[in-house]
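Residue strings, one per chain:
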Amino acid sequence: MNNIERLSGLVVTISGGCGDIGQATARRLTREGAKVVLLDRAAKDNLAEDLSNNGQVAYLYCDVIDRASVDAALAKIVETHGRLDVAIANAGMVANEKFLELDPENLRRTMEVNFFGAFHLAQAAARLMVTQTMSERGVRGKVLFTGSWVQDMPFPQGTSYIASKAALRMMAMVMAQELASDGVLVNTMAPGIVYAGLSKKLHDADPAFRDRVAAAIPLNEMQTAESVADAYAFLCSGDSDYMTGASLLVDGGATLVKRS
Ligand SMILES: NC(=O)c1ccc[n+]([C@@H]2O[C@H](COP(=O)([O-])OP(=O)(O)OC[C@H]3O[C@@H](n4cnc5c(N)ncnc54)[C@H](O)[C@@H]3O)[C@@H](O)[C@H]2O)c1
């Protein structure tokens, strides 16, 4: 629990905001004083009650693969709040398939949501941020991406998802390089295997799944969405103002590959 209001006054938007990581992040950021606008193509009634009744949280319909929808959502945020300090490109999907059976349509859909969707939000947000006033510390805005521990390592049946997250990571670095002198900081947050989204569904449908996954993680348990939110609170805050082009890996050691 952190009660320091280090995000006081910041306006943050999160795509895929109705998902588990989006909601946990909204909870954490508002606790530290931020105003959060959740973007999702899923309906608002997917939000937990504490968030739908939280005056610091708003919801806007947005399909990130539709650029007009992204532009309209950002225009609404600026109309309401006057600026956008942080954009978190977090909307995502996964379709695991063996390579020999991989349906190219699933590869295309995954790239469309995870990569092109993140691109649309990132570019629209960055175009807006470069026009904003700079803080005393030289920051005009921050663009953050939800990557994954697999963005740098292969995992069986993960071609579509992993390729999309690896592409995202490289886009973030190029963006960071180009936009550093404009005061727009760009970083990736790379979680491990989170008890959220698809992993949560797999776990809940198959109790052995959690044990198998935990056995693969040096810290012995699946990650919580709250742990991802902790990392996002840091990346949104002034504590990370000297970071750009980085990937913050918070994965319980999953990338170390557990050896017993
Ligand atoms: N759950 C994990 O183990 C894990 C691990 C590492 C990274 N991630 C990443 O975290 C992010 C959030 O995932 P989650 O675990 O909260 O899953 P989730 O399924 O709970 O949330 C994903 C959200 O994205 C939304 N979304 C999908 N397509 C969209 C679109 N075109 N436009 C707008 N919204 C769209 C969905 O409606 C959903 O609300 C994803 O990018 C995922 O790849 C998840």
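What you are looking at is a predicted structure, and each value in this text was computed from that prediction instead of being measured.

1. Focus on the sheet that holds strand β2 (residues 35–40)
Here we have 7 strands laid out as an open sheet, ordered β3-β2-β1-β4-β5-β6-β7, and parallel in their pairing. Looking at the sheet topology across the chains shown, the edges are occupied by β3 (57–61) and β7 (247–250). Across the sheet, the axes of successive neighbouring strands diverge by a mean angle of 20°, strand direction being ignored. Two strands pair when backbone bridges link them, and strand β1 (residues 11–15) and β2 are joined in this way by 5 bridges, in the parallel orientation. From the neighbouring strand, Val11 faces β2, where its bridge partner is Lys35. Where helix α1 (residues 20–31) meets the sheet, it contacts β1, β2, β3, β4 (86–89) and β5 (141–146), and its direction lies at approximately 170° from that of β2. Running at roughly 160° to strand β6 (residues 184–191), helix α5 (residues 159–179) makes contact with β5, β6 and β7 of the sheet.

2. Digging into the nonpolar core
Counting residues in each nonpolar core, the largest one holds 72 residues, and the members touching the most others are Val12, Ala122, Ala125, Tyr232 and Cys236. What Ala125 contacts, discounting residues up to four positions off in sequence, is Leu74, Leu84, Ala87, Gly141 and Val143.

3. Description of the site of the ligand
Taken together, the neighbourhood of the ligand is formed by 28 residues, with Gly16, Gly19, Ile21, Gly92 and Gly197 sitting nearest. Sorting the residues of the shell around the ligand by element identifies α1, α4 (104–129) and α6 (197–205) as the ones contributing at least two each. In terms of residue count, α1 provides more of the shell around the ligand than any other element does, 3 residues in total. Taken together, the residues of the shell around the ligand break down into 13 nonpolar, 11 polar and 4 charged.

The rules behind these values
- Residues numbered from 1 in each chain as written.
- Predicted model: local features only at pLDDT ≥ 70, side-chain atom pairs only at ≥ 80, totals over all residues.
- Pairing = 2+ DSSP bridges.
- Helix = DSSP H or I, 4+ residues; strand = E, 2+ residues; numbered from the N terminus.
- Axes fitted to C-alpha atoms, helices over the stretch in contact; angles between N-to-C directions.
- Contact = placed C-beta atoms within 7 Å.
- Core = buried A, V, L, I, M, F, W, Y, C linked by C-beta atoms within 7 Å.
- Buried ≥ 20, exposed ≤ 12 C-beta atoms within 10 Å, placed from the backbone.
- Near = placed C-beta within 6 Å.
- Nonpolar A, V, L, I, M, F, W, Y, C, P; charged D, E, K, R; others polar.

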